[in-house]
Structure formats: C-alpha cells, structure tokens
Number of protein chains: 8
Amino acid sequence: MSKPYRRLDIHNAAVLLVDHQAGLLSLVRDFNPDPFRNNVLALADLAAYFKLPVVLTTSFEEGPNGPLMPELREKFPDAPFIPRPGQINAWDNEDFVKAVKATGRKQLILAGVVTEVCVAFPALSAVEEDFEVFVVTDASGTFNEVSRHASWDRMSQAGAQLMTWFAVAAELHRDWRRDVEGLGALFSNHIPDYRNLITSYNTFKAPKPQPKAAP
Amino acid sequence: MSKPYRRLDIHNAAVLLVDHQAGLLSLVRDFNPDPFRNNVLALADLAAYFKLPVVLTTSFEEGPNGPLMPELREKFPDAPFIPRPGQINAWDNEDFVKAVKATGRKQLILAGVVTEVCVAFPALSAVEEDFEVFVVTDASGTFNEVSRHASWDRMSQAGAQLMTWFAVAAELHRDWRRDVEGLGALFSNHIPDYRNLITSYNTFKAPKPQPKAAP
Amino acid sequence: MSKPYRRLDIHNAAVLLVDHQAGLLSLVRDFNPDPFRNNVLALADLAAYFKLPVVLTTSFEEGPNGPLMPELREKFPDAPFIPRPGQINAWDNEDFVKAVKATGRKQLILAGVVTEVCVAFPALSAVEEDFEVFVVTDASGTFNEVSRHASWDRMSQAGAQLMTWFAVAAELHRDWRRDVEGLGALFSNHIPDYRNLITSYNTFKAPKPQPKAAP
Amino acid sequence: MSKPYRRLDIHNAAVLLVDHQAGLLSLVRDFNPDPFRNNVLALADLAAYFKLPVVLTTSFEEGPNGPLMPELREKFPDAPFIPRPGQINAWDNEDFVKAVKATGRKQLILAGVVTEVCVAFPALSAVEEDFEVFVVTDASGTFNEVSRHASWDRMSQAGAQLMTWFAVAAELHRDWRRDVEGLGALFSNHIPDYRNLITSYNTFKAPKPQPKAAP
Amino acid sequence: MSKPYRRLDIHNAAVLLVDHQAGLLSLVRDFNPDPFRNNVLALADLAAYFKLPVVLTTSFEEGPNGPLMPELREKFPDAPFIPRPGQINAWDNEDFVKAVKATGRKQLILAGVVTEVCVAFPALSAVEEDFEVFVVTDASGTFNEVSRHASWDRMSQAGAQLMTWFAVAAELHRDWRRDVEGLGALFSNHIPDYRNLITSYNTFKAPKPQPKAAP
Amino acid sequence: MSKPYRRLDIHNAAVLLVDHQAGLLSLVRDFNPDPFRNNVLALADLAAYFKLPVVLTTSFEEGPNGPLMPELREKFPDAPFIPRPGQINAWDNEDFVKAVKATGRKQLILAGVVTEVCVAFPALSAVEEDFEVFVVTDASGTFNEVSRHASWDRMSQAGAQLMTWFAVAAELHRDWRRDVEGLGALFSNHIPDYRNLITSYNTFKAPKPQPKAAP
Amino acid sequence: MSKPYRRLDIHNAAVLLVDHQAGLLSLVRDFNPDPFRNNVLALADLAAYFKLPVVLTTSFEEGPNGPLMPELREKFPDAPFIPRPGQINAWDNEDFVKAVKATGRKQLILAGVVTEVCVAFPALSAVEEDFEVFVVTDASGTFNEVSRHASWDRMSQAGAQLMTWFAVAAELHRDWRRDVEGLGALFSNHIPDYRNLITSYNTFKAPKPQPKAAP
Amino acid sequence: MSKPYRRLDIHNAAVLLVDHQAGLLSLVRDFNPDPFRNNVLALADLAAYFKLPVVLTTSFEEGPNGPLMPELREKFPDAPFIPRPGQINAWDNEDFVKAVKATGRKQLILAGVVTEVCVAFPALSAVEEDFEVFVVTDASGTFNEVSRHASWDRMSQAGAQLMTWFAVAAELHRDWRRDVEGLGALFSNHIPDYRNLITSYNTFKAPKPQPKAAP
C-alpha cells in the first residue's frame, strides 16, 4: 500500500542544478527573492559540504534567459556544466544525461527554475529510467502557487519525493556527531533563527565553544 | 509504484476549451481577472501556434451563461464549435465526443469554467475511455480555492495530469531550436517578466536581434 | 493506475448531514460565516430539490454542542433524525447506520462539522463497507486549514471523493433540460454572481423569461 | 483501490514527542506561537488523559537546540526520555526504538519539530517496520508552508495518516459517555471557542451542571 | 488636535445607496460574494428598521452596468430613485442632491459600488457642503484591496468617517431596551454567529423567549 | 504639526474591559482564538501586575451575549463591575462613567468586543471629555479586518492612540530594574517565544537565576 | 478639520510616468505582473484618451535599469522624454521640472517604479511647490506591501491624494454622455469583468449597439 | 494642510539601531527571517557607505534578550554602544541621548526590535525634542501585523516619517553620479532582483563595465 522509504545516501546521491539563470530568476514569484536566493545557495553549500557530485546546466544562456548565477559556477568550477543549445527538458540533452550517469549515483537531488518545466521534465524522465528523484522544492521556483502545486502533484504521482534543502542536509548527515561544526555552520549561514540560537548559546556558554562531537 | 511519464506530443494532442463564456467568467474567483484572461488567451495562442486541433463548446449560451469569449471564436473560426443544448458534462454530448474523436488524438489538453464541473466531468469521462488527460489548471477557474483543490484531487486521483499553459507549451515545443522566435513571441505576449527580459536583452545586444536558431 | 469514475446518480445517492449544530458551528474557522452558512443551506436545498433521501444526526445536542440548525429540521421534517447519545463517529451508532442502509442508496453525500471528526470518521467507516463516499468539502467546516487539509488527505487516500455542493448538484442534474427553472433557482438562491447574471439577463431579454427548456 | 481504515485504538497506541526543544521552537514559522504551543500541550494532555505510553526524545539538547519544553518533562516524569547524542532520525537511536517497542503498541502517534526532519524521518522508518503511523500535523512545526506541504506529501505517500490532536482525541475516545467531564475539560482547556460554549451553557442551564454521562 | 465625535442620530441620518447594480457587482473583488451581498442587504434592512430616509440611484442602468439589485427597489418602493443619465459622481446630478436635501438630514450614511468612484466622489462632494459623511465600508465594494485602501485614505483625510453596517446599527440604536427583538432580529438575519448564539440560548432557556426589554 | 507624546503613566492610568463575554467572543474573527484569548488574559494580568484600577462591564449578559469571561471576574473580584441593562456605548451608562471617574485617572486603557462598537464608542466619548485614550488593539476583536481597520481609522482620527498589550506593559514599566522577575514572568506567561528564550537562558546560565535587578 | 475636495480637471491635469523601465519592473512584487502591466497601460491609454499632457522620464536607462517600456514611447511619441543622467528624484532634474511646468497644469497625476522612491520623492517635491498631486497607486509598484504602505503614509501625510487609474478616469470624465463609446472602450480593454458585461449585453441586446449618448 | 517635505540630508542624519539582539530577534514574526536579516544588514551597510554616525544600544543584553547581532558590532567598532541597564525606552537612558546629541545631527534614522516599543518609544521622545524622525519600517520587526500597523499609526500621527532602507539610501544619495559603483554594490548585495539585472547587464554589455559616472 505504501512506498518504501528511499533514504538519501551520501554515497549514492548527486545534485542537479537546472537553469538558475539571472534572467529566468526574475520569473520566480512563488518565493520572495531573499529566501529563494538563500535556498539556492544553501543547496549549493550543502552539495559542496557533502562533496556530492554536481551537474550544472542552463537553457539558452546567451539569450534573455541570461547567464547562470555566478555563485554556482564559482562554487563548482570543476563540475560538468552543460549549456543546452535548445533542449527544454535537460534529459533530452545527451551530454547532460551522460554527465549524470557518469556520477554513478542513482539518487538525484534536483532543483531548478521554473519548477513545472526545468525541474518537472527531467524529474519525470529520470524516474522513468529508475533513478530515485528528490525534488528540492524550496530551491525550485516558478510563477505562482498554482504552477507550484500542479507540478508538485505531477511529480509526486510519478514517484518523485518532495524535499527541502534542510531535509536533504539532515537526511544525508544522519548524525550530528559526524561533524558538528560543519553542519552547524551550514545551518548558521542559511537559517537566521538558527544563527541567533548559536549566537546566544555561545555568549551564555562562553568560554566553552560548541558541544563536543562524539568520538 | 509510479505512473509512467505520459509526455505531451505535438502530433497526438488536441485542445478542448469548455465553457469560457462571458457570464460564467464572472463566477471565477480563484484567479484575479487579469491573469485569468491572460492564461486563457495564452492557451488559445499556443494551440494556434502548435497547430493543434481545437474543439470549442459552450453550455446554454443563449441564457445567462452568455456567449463564448469572442476572442476564442475569432481565433479558431474553423474549429468544431458545439453549443450544448443542456448537457453539463460535455462528454455527454455526442457531437462533442465525435468532434474530439475526429481529431484522432489521444492526448487531451483541457481547460474550462468552472473547474469542478466543466473541466472535471469531461476529464473523468475521457480518462475512463483511455484518453490521456492534461488539465490546464491556470486556464480553468472556479469559485474559490476550496473548489479548486477539491477538484484537483478528484482529477489527479483519477489519473489526469495537472499542468499549466506554460508547461504545456514547453513540453510540446521540446527544443527552442525548433523555432526560437515563435516560442519567444508566445512567452513575450503572455508573460510580462519575460517580455521585460527580451526588451532589455534586445536593447543591450542591439543591433544583433535574437540568438540565432539551430540549423 | 487510475480510479474508475464513480459518478453521482440521482437514483443511488443519499445525503448525510452530521452535526451542523448551533454550538459546534462557532468552532468553524476555515470558512467565513456567511459562505459557510450559505453552503450548508445550498446542500440542503439541493437534497430537497433532487428528492434525495436525507439522514440527520447530532452529537450530544443537549449539551454545549447545541441544537441542530433549525433550518435543517424544518426542511426535512420527515427525514430520520438520530441524536446520538454519545458516539462520536456517527457510523458507530446503530440507528444511524440502519437509517443510512434503509435508504437503499450506495452513494453517500456527506457533510458535517467538524471535518476531521464528524465527517472523516463516518466517511472512512462507510468506505470500508463499500459505500461510495462523496465529501461535500464546502459544507464541512473545521478549526483551520491545517485540519482541513490533513483530513482531506486522509479521506482521499482512503478512497472518498472530494466534492463541493455545486459539483454535486451539477453531477446529479446532468442536463439543464431536465429542469432549467429549478436548477437556475437553486443557483440563483445560493450564488450571488449567478443571481446577478440572471437579473441582468432577464432585464435585457424581457419580456421573454428564461431560455426555454428542451421538450 | 483505497487504504483500509486504520482506526486509533486506546489499547494499541503510543505517543512519540520528538524534539520540542526551547531552541528549535524558535524555528517554527508555519504556526503562530500561541496556537502551536497550545497544540503541543493539548497533545500532551490527551496522552496523559488517555494514559497512553509516551516516549520523549531530544536532539543535542545541550547545544543551541536547547532543553525540552519543561512542561513535557513535568507531565511525563516516568516516561522514557532519550536525549539523542547525535542521531537526527530518532529511529536511528537504538534506545529510542527499544523504548517504542517496549510499549507493545503498534500505532504510533507522532509529533515534533521540525516536521520534515524530526517527524518525517522516524515516521518513514516506522512505517517500514509495519507500524501504523499517525502524524499530529498541528503539534508538528517547521519553517514555512512549503516545508510543511512537501513533508506531508512524502509521509502520506509512504502510508502515514495525517491527523490533528483533536481528531486523535476524538478517535481514541469514541463515545462521549465514556467520560463526558474528562473530554469536555480537555477541549475546554485547549479550544477557547469550546470553552465559551461551556461557559454560556453552564450559565444558562444552572444549576444543572453538565449533561449527564451514560451509565 | 482631534476631530469631534460626530455621532449618528436616528433623527438626523439618511441612507444613500449608490449603484448596487447587477452588472457592476461583478466587478467587486475585495469581498467574497456571499458576505458582500449580505452586507448590502443588512444595510438596507437597518435603514428600513430605523425608518431612515433612503435615496437610491443608479448609473446608466440600461447599459452593461445593469439594473439595481431588485431587493433594494422592493424594499424601498417609495424612496426617491434617481437613475442617472450619465453623471458618474451622483452629487453632480441635481435630482439626486435635491432628493438628499429633501430628507432634511445632515448625516449621510453612504455605500455603493465601486468604492473609489461611486462612493468616494459623492462623499467628498457632500463633505464640502458640510454634510457629515459616514461611509459603510463593508457595503461598498471595489476591484481589490489597493483600490479600497487608497479610497479609504482619500475619504478619511477629507473628513468622512469609516463605518460598517454593524457599527451604524449600533450607533443609531444606542440602547438595546429601545427594542430588543427588533435589533436581535436584524443581527440574527445577517450574522450567522449571532444567530447561532440565539438558537442555543433559546433552546437552553426555553420556554422563556428573549430577555425582557426595559420598561 | 504633530501630536504631543502622551505617555502612559502607572499613576494615571486605568483599564476598561468592555464586553469580553462568552457569546460575543464567538463573533471575533479578526484574530484566531488562541492568540486572542491570550491577549485578553495578558492585558488582565498586566492590569493586576501594575495594580491599575480596572472597570469591568458587560452588555446584556443574561441574553445570548453570555456572561463575562469567568477569568476576568476572578482576577478582579473587587473591581467595579457594571452589567449594562441596555446601553450599547458603555459611556452612556452613568454607573460606568462614574466608576471610571472614581478611579481619578485620566489615561484610559481600553479593550473590548467588538472593536467598532464596544471599544470605539466609549473611546470616542472619552476623548470628547478630554481623557487620553489608549486602545489595546490586540485585546479587542471584531468580525473581520475591514471592521478592524475602519474602526482603527475612526478612533485614530479622533485622537485615540493605538497600542498593544505588550506596548502598554513596556510603557508603564519603563525600566526593567523596577522588577525584573515580575515583568519577565508576565512576558513568559503570554509570549511563547519569550518563554523559550528564558528556558534556554536559565539552562545555559544555571545555577545563576535571572540577571540581577538594579538597586 | 478636513481637506478641501481637490477634484481632477481635464483642463488642469498632466500625467507624469516615472521610470517604468524594463529592468526596474522586475523589482515590482507588490502586484502580480499581469495586473501591474495592465494598470500601467491603462493609465497610458487614459492619458491619451483624455489628451492630457504627458511627461516621460527614466533613470539611468543605459544601465541595468533598462529601457522604458516600449509601449509608452510608442504611445506618446511627441511627449517630452527626459532620460535623467543620475538624479534619483525626478524633481531634481531641471529639464523634467521645466517640462512639467511647460504643460501649464497644476494637477499632477503621477505613477512610477518604485513607489517609495521614484513616485514619493517627486510627489513630495511637487506638493512643496503647491502642485496638487494625485498618486496612481495601482500603476506604481515596489518590493512589497511594507514599502507600499510606508510610502503611501508618507505621501498622504504630505498632502498627496491616493488614487487608482480607474478613479482618475472616472473623475476626469465626469459624465458618461461626454463619450460613451470612448470610456466604454477604455474600460473594456483593461477590465476583463467589464468586457464580459459588454459582451453579454451586446449579445442580448443586439442588434441595438450601446446605450445612446446624451445630446 | 500638509506637512513640509523633510528630506534626508547626508550631512544632517544619524542612524540609531535599537535592540537588534539575538534573543529578541526570535520574537519577530511580521517578517520572514531571511528578508528581515537582509534588511537590517542593508541598513547597516548604507550607514557605513554614507559614513553616517551610528549609535548602537541594547536592552538587558546579559539576560534572555541576548547579545547584539555580532555583525553590527563588527561593522561599527567605533560607534557609541550603549548597553542599557534597564531603561526600555532608549531615550530614557542619558548616555544614549548624549550619544545621539553628540552626533550633532537632527535627522534620526531609526530601526529596532520590537517596533511598538524599542522603535516607537524613542521615536516619540525624539519628535518631542524636535528631531526629525525617519523610521526604517523594514528593518524594524515585531510580533505580527497588528502590532506593526498600530505602532505605525502612533508614530505617523506623532510626526515621524515611515521609510524603508531602500528609500533612505535613495534619498541620501540623490544622484547616481555621486558614485555609481558604490550604490550599485549596495543594491546588488541586498536586492537579489537587482543583482540579477546587473549580472545579465554585465554579461550582455561586456567588456564595457558600468555606465559611466558624471564628471
């Protein structure tokens, strides 16, 4: 009756960032600009932190869609970057699929702009090829809530799992003792309320730094 | 566990516009009037652009429901137009079903007013006859968000796919190189933010026009 | 892959109104009071109009939950009315189930207050006994949208269909020609926008009254 | 086609409260603080009222996440309390799972902060081990509605049931006559509108106290 | 520093209903249709109840703006009714101003559609002629909240007072003992929550009817 | 050009609680029930904490409006309590005005249900008699946001100041050193986020209790 | 006590359009893109329709702010167009002020992007020079509702009047008989609900065209 | 009739940052955390950019209110920093007032947490001493929108001007040519949409840098 628990595994996951381009970002209206930018950068940071393979792609970046957010190129200078010459569904681009398969990973953590096209199309294609697809809903943006929820339904019915960057980070990390400072820094940099907690904690607890990690 | 990816195919799709009538439009309150009108016209424009067969129908157009939006008749003067004498579910009207089947298409792109009746009823009937049904959620309007979400759930559970006009256009087009100017014009005419991108792009890039299409 | 289209049939449907009591109504906060009252009365009017069997029930009506909305008793003086002495799930009350089964109907149109209890519990029980359950979402109210959507999900996953009073009326009526004046009056009395359409239509078209019904 | 009705049973249910910690609570933004605090305390009160076994756990409580809400420790001084040294998914902590299994219950009523991690992860793990999982959506909080709805979808698709504390109480109680005063007090303490109903009722009906319980 | 308290006086007030026409009502989007219709009828009922002079007017009622809501004509068959041949600001119509002045009242209770035109224009004109203007904000509707709040600001800055139908009724009535049944009926007919209170009260208190009026 | 800063003074302020009755509370829809109840009790607690004179009044409490919230009577057993026999504006009741004047205070902190009547009317009357009026907006409730904002505008234009219970407490207290524990307890009991801060602080800082008060 | 009614006069009004540039438009988030674009074009259309003098200006149009919306240049090819080389407040640009004064008009109808800067600054400057300023709130956009309402308050306190394009059109036109077809066309082109009314009206009333104009 | 235009002057303005403390920030619920943090840092950045004198203060920072946001101390290491030992209204603290007056500025740009206390109280006090007060509404946070709007009204009525950080920056800067790169960097760092414009612009226009500054 129920789906099995497909749990993200740090050794089996890759991150696909699709079309976070300077022009296309102006279309995103289901998030306010500050949190959306923060979510995308948080996803990039967690990919780097967990050393996950990353694949970058853009659609028509020399036209009005504009260039990829510079921060993403800078953060992953060695990641495969596939500027698609025209294919709207990134999965229709052989180089992109090749790059994805070259990671050797079967769990695809996917985000992009706009949700119902740049995310949903490759998500549906990847599910068909038996990848496990995890959509990072809060790093994927679109025109409005109707587009968001219609595309969530389509992806969920097809078998993709709806996640957030925070849930992805937590499911990959599994145990704080793996690296307290690292995960704490990730959260502090992208969750102002968490940063405040740490600020107060450190002040009250000083001079002791952070709670000590497990052996 | 998951549904197969039923992907829209330009050679297998038809568009059904159900009851976008001047009177009934005053009932639509889950969209503001400007975007809703825009979405309906965008769907019409994409149907014309992709040369998809279109079927038009109305319910009781000589009564308070009022006439079809004139723009739709004008845009598709040769499309079959079935003013239903009384059937609420368009699929109960033999002429309508005949017109749909005469298109020879198995993928039905469906929009109308109001969502839970004029869209949901034929959607459910068509699914039962093994058509693939794609509901254009943002060109379908109703009284409020309760009606919208209840009817989305009913249609989705029955196997219909929830789309938007933008996702339909992108899934049909598949590759920008098919016709850059055409798709760009469609987006520019119906997405103000996209129009702005193109305006700035053209200004900065002039005198070079648009990025050149693939051979 | 998809559920079959279980379509409401005027000869096979009954209406169950559960706990629309004067006290409990003050708990309803996911609808504003005016539309909620209107929706409940619209459902009652359509039940009367289509001559569907109706079963009324209340929970603890001599306590703070208060008496049934007087309009419902007055509209259905001969309907079975089961004031439950304590059972929270109406389906746990033998008299209620007996009354439902006595209607001989297999399609249950169900509404009540509050949604996640008074509606969801009997909905789930009835589905288990192979009734087809149609929840009238807009005549069922609860504390807030979290309660609403959590209970919708539970009912939908169990196989109930989410409807609105307007969709129920339209699916039962099937063809305007069955009775134009009757359905028009139902809509005019409960949809101000529709009433306005009729007012303008009649003024412009006078002295001809309504569009004539089919033979 | 539909899931069976898994109904909460007072003899088979346990309550798991995960990470309602003073620091983490500042992250909760999908509920206003007053109702969220009220919902958590209502869930605790109902657990105590129905004498359900309770398991408490925290994540890293000596760090910025902060201590458990003191009210929960005070209410369940004898409940197993597992401060996890690092595991993010409580189900990864052997002591926690052992404590859950020691209750001998197969129905797990689960709430926590934040929903997509502290609730969703153990919910998915428990479903995999054939527990029946009931998520108390309104005693579980997270950053925003995107996180809420993405995680609801993941849990629902996996087979968990989405509940509220009120629905849990009502489904466990089953019949008011079991204890009118007790359930009335629970509702009066946590639902201001219900308290008002009782206040007015008692005033108007005095000197008769509450409606008499069944024999 | 502060304005004097201009208090509504039953002997000095008149009600002006401007352009509540069947067509124009479809433009109103800052209220849902059910409460807006209710508010307009409540204002009409209170005008009748307090026997205030009423002036009715319409704009271009033979065109698309449509006829006045029939309920208003029926309720005030003897009130002056000025169908304006073209003036947008009712105060530009001599017959209208004459009718207003013929009431001999200096306090004008004003509502209409749409707020920033049909209400604001005569409100500003009347203030200039030293009438005291009371705008019934909830019986005046317009396109959206921007229009509403911009026009509220303009009217308030000019010296008009912003009221609701309920506040108008209460300020005119002043003392329940003036007529308990009458005011109770007005509230019961237009405030579902108040009706519920009365229903429960009457049930619990029976056979005594309503609280007795003062001598 | 600007109003002088009328600052609340603990020796010159009184609290007027108007019509917080069990029945009338069911009309309040511009606040959710949990925060509204909390705000009213917070205002009562601060009145008691600062030992301000309090005047209680009700409208028609033997009818459907219902009795005063019992907590208010219990908290101020010695406060003047004026059940008005019929006057809607409490200022029209001589006993009430007498009680207000007997306090000898010129600053009136005022809250009630519903805002545009039970609060606005006495606020306007008191301003006319040269009292300084401070409306506690979040302990005053009404039907919806239209009623709220229309009445705020009327009161503000007349010279009343719009406050919240938290601002009232802070303006009266002036200096934390006056009584750290007392004000901290008030905030902890009525602001869950503040309670969490204190819980974490006390845990981290233990065994030192609260920051020490000034001499 | 109240401001005089400064009424727009077709012979004394000019329209100032400030910084509706393709880049800056992507900053506007307090309106959805479809209605905002529509409002700006409606304001332009009404300026043309009433033959009001128009002044166009841009800020730094060769930089990222981008070029003026092309539709505005095309509609007013002969209007003074002042691309400001750097001044943020258009009133600081001598050419702009000269162009405004050259119109000879004392009533300035003002709209722009973003509201709190490009609109508020020249509005405040113009008021200081004794112009009557009418802000077209719905053709002026900004980042969010906080920015909108803060700037509305600043402008309103300074003496500007808050309008909408519809109110401007109606106040200028004054009498439908001045030109029924013209005003009707303006409304039909920019208010979908009004267009629907006209469509139904014309259908029902045909072959008679529009209501006849006054002599 | 209208207030004079008090325009911010770079030589006459100072910035007061009141109580942006790690604990108090968890109380802020009228903004989402990402934009609120961004707004506060933007205000700090503009103060540094324009070299305005800054005064920092905290309330009880050794208690649960927590330490000042570390970024503020780091950005203004030489600014007067007044940790108030207890005064709630910063203006009641002599050292604070002395520091403000020592700046020699008469225009006070003020922001803090929470709005109705830490901002409103010193704003009202400063206005009384004839300072010109500019409240940065979007860098000031509080519990909810009721608190926000009540306090805005109180401050606006007293003569304070409601601003945003963006309007403050623009009014101080006055002319882009003063320093194009500097202001562009400020906007790019705090307005994601503006950053995107610059990214696209630079890409399209390269290798030419930014539009050239005035001589």
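Residues numbered from 1 in each chain as written. Chains lettered and ligands numbered in written order. Predicted model: local features only at pLDDT ≥ 70, side-chain atom pairs only at ≥ 80, totals over all residues. Heavy atoms only, no water.

### Details of the relation of the copies chain F and chain D
Thinking step 1. Overlaying chain F on chain D yields an RMSD of 0.0 Å, the required transformation being a rotation through 180° with an accompanying axial translation of 0.0 Å. A rotation of that kind, with that shift, is consistent with a two-fold axis. In terms of proximity to the rotation axis, the leading residue of chain F is F:Asp34, whose C-alpha is 3.0 Å off the axis.
Thinking step 2. Comparing contact sets, 100% of the residues at the interface of chain F also lie at the interface in chain D, consistent with an isologous, same-surface contact. (Least-squares fit on C-alpha atoms with pLDDT ≥ 70 in both. Contact = heavy atoms within 4.5 Å.)

### Describing helix α8 (residues 192–205) of chain E
Thinking step 1. Compared with the 20 Å implied by 1.5 Å per residue over 14 residues, the 20 Å span of α8(E) between its first and last C-alpha is a close match.
Thinking step 2. When you tally the buried positions in α8(E), you get eleven out of 14 residues, the bulk of the element.
Thinking step 3. Residues of α8(E) that are buried: E:Pro192, E:Asp193, E:Tyr194, E:Arg195, E:Asn196, E:Leu197, E:Ile198, E:Thr199, E:Ser200, E:Tyr201 and E:Phe204.
Thinking step 4. For α8(E), the secondary structure elements touched by its buried residues are α1 (33–49) and α2 (70–75) of chain C, α8 (192–205) of chain D together with α7 (180–190) of chain E. (Helix = DSSP H or I, 4+ residues; strand = E, 2+ residues; numbered from the N terminus. Expected span 1.5 Å × (residues − 1). Buried < 20%, exposed > 50% of the residue type's maximum accessible area, 1.4 Å probe, protein only.)

### A closer look at the domain arrangement of chain A
A common measure of how large an interface is: the accessible area buried when the components associate.
Residue and element names in this part refer to chain A.
Thinking step 1. Split by domain assignment, chain A resolves into domain 1 (13–174) and domain 2 (176–209).
Thinking step 2. Between domain 1 and domain 2, the C-alpha centre-to-centre distance is 28 Å.
Thinking step 3. Opposite the twelve residues of domain 1 that make contact, domain 2 presents ten residues.
Thinking step 4. Overall, the association of domain 1 and domain 2 removes approximately 990 Å² of surface from exposure, summing both partners, and the carbon and sulfur fraction of that is 66%.
Thinking step 5. Contact with domain 2 buries surface across domain 1, with Tyr49, Trp165 and His173 losing the most and accounting together for 51% of the total.
Thinking step 6. Remark: the boundary between domain 1 and domain 2 carries four residue pairs in polar contact (both at pLDDT 80 or more).
Thinking step 7. Of all the elements in the fold, those that place two or more residues in the side of domain 1 that touches domain 2 are α1 (33–49) and α6 (165–173).
Thinking step 8. Looking at side-chain class alone, the side of domain 1 that touches domain 2 contains eight nonpolar, two polar and two charged residues. (Domains from an automatic or database assignment. Buried area = accessible area lost by both parts, 1.4 Å probe. Polar contact = N/O pair within 3.5 Å; in protein donor to acceptor, adjacent residues only side chain to side chain. Nonpolar A, V, L, I, M, F, W, Y, C, P; charged D, E, K, R; others polar.)

### Some words on the nonpolar core
Buried together is how nonpolar side chains tend to be arranged in soluble globular proteins.
Thinking step 1. Ranked by internal contacts, the top residues of the largest apolar core, which has 352 residues, are A:Ile109, B:Ile109, C:Ile109 and D:Ile109.
Thinking step 2. Setting aside anything within four residues of it in sequence, one finds D:Ile109 in contact with D:Leu8, D:Ala13, D:Ala14, D:Val15, D:Leu16, D:Leu43, D:Leu52, D:Phe134, D:Val136, D:Val168 and D:Leu172.
Thinking step 3. E:Tyr5, E:Val55, F:Ala42 and H:Phe187 belong to the second largest nonpolar core, which has 351 residues in total. (Core = buried A, V, L, I, M, F, W, Y, C linked by side-chain atoms within 4.5 Å.)

### Regarding unusual backbone geometry
Thinking step 1. Residues B:Val113 and B:Val114 are joined by a peptide bond in cis, for which omega reads 0°.
Thinking step 2. On the secondary structure map, B:Val114 appears in the loop between β4 (107–112) and α4 (115–128).
Thinking step 3. In this model, B:Lys51 sits at a positive phi of 55°, which is unusual for a non-glycine residue.
Thinking step 4. Positionally, B:Lys51 belongs in the loop between α1 (33–49) and β2 (54–59).
Thinking step 5. Positive phi is not limited to glycine here, since D:Asp130 has a value of about 70°.
Thinking step 6. Turning to its location among the elements, D:Asp130 is positioned in the loop between α4 (115–128) and β5 (132–136).
Thinking step 7. You can call D:Asp130 exposed: its relative accessible area is 61%.

### What to know about the pattern of salt bridges
All names here are of chain F.
Thinking step 1. Considering all chains together, one arrives at 88 salt bridges over all chains under this definition.
Thinking step 2. Residue Asp19 is joined to Arg84 by a salt bridge in which the shortest nitrogen-to-oxygen separation is 2.9 Å. Pair noted here: Asp19 is in the loop between β1 (13–18) and α1 (33–49) and Arg84 is in strand β3 (residues 81–84), with a separation of 65 residues, a long-range link. Arg84 matches Asp19 in its accessibility class, with the two residues each being buried. (Salt bridge = Lys/Arg side-chain N within 4 Å of Asp/Glu carboxyl O.)

### Some thoughts on the sheet that holds strand β3 (residues 81–84) of chain H
Sheet strands associate in pairs through backbone hydrogen bonding, adopting either a parallel or an antiparallel arrangement.
Thinking step 1. Read across the open sheet, the six strands follow the order β3-β2-β1-β4-β5-β6 (chain H); overall the sheet is parallel. Looking along the sheet, the strands with just one partner apiece sit at the ends: β3 and β6 (161–163) of chain H. Geometrically, the sheet is characterised by an average inter-axis angle of 25° between neighbouring strands, direction not taken into account.
Thinking step 2. With four bridges joining them, strand β2 (residues 54–59) of chain H and β3(H) adopt parallel strand pairing. If you follow H:Thr57 over to β3(H), its bridge partner there is H:Ile82.
Thinking step 3. Most of the contacts of helix α5 (residues 145–158) of chain G go to β6(H), to which it runs at about 150°, and overall it touches β5 (132–136) and β6 of chain H. (Pairing = 2+ DSSP bridges. Axes fitted to C-alpha atoms, helices over the stretch in contact; angles between N-to-C directions.)

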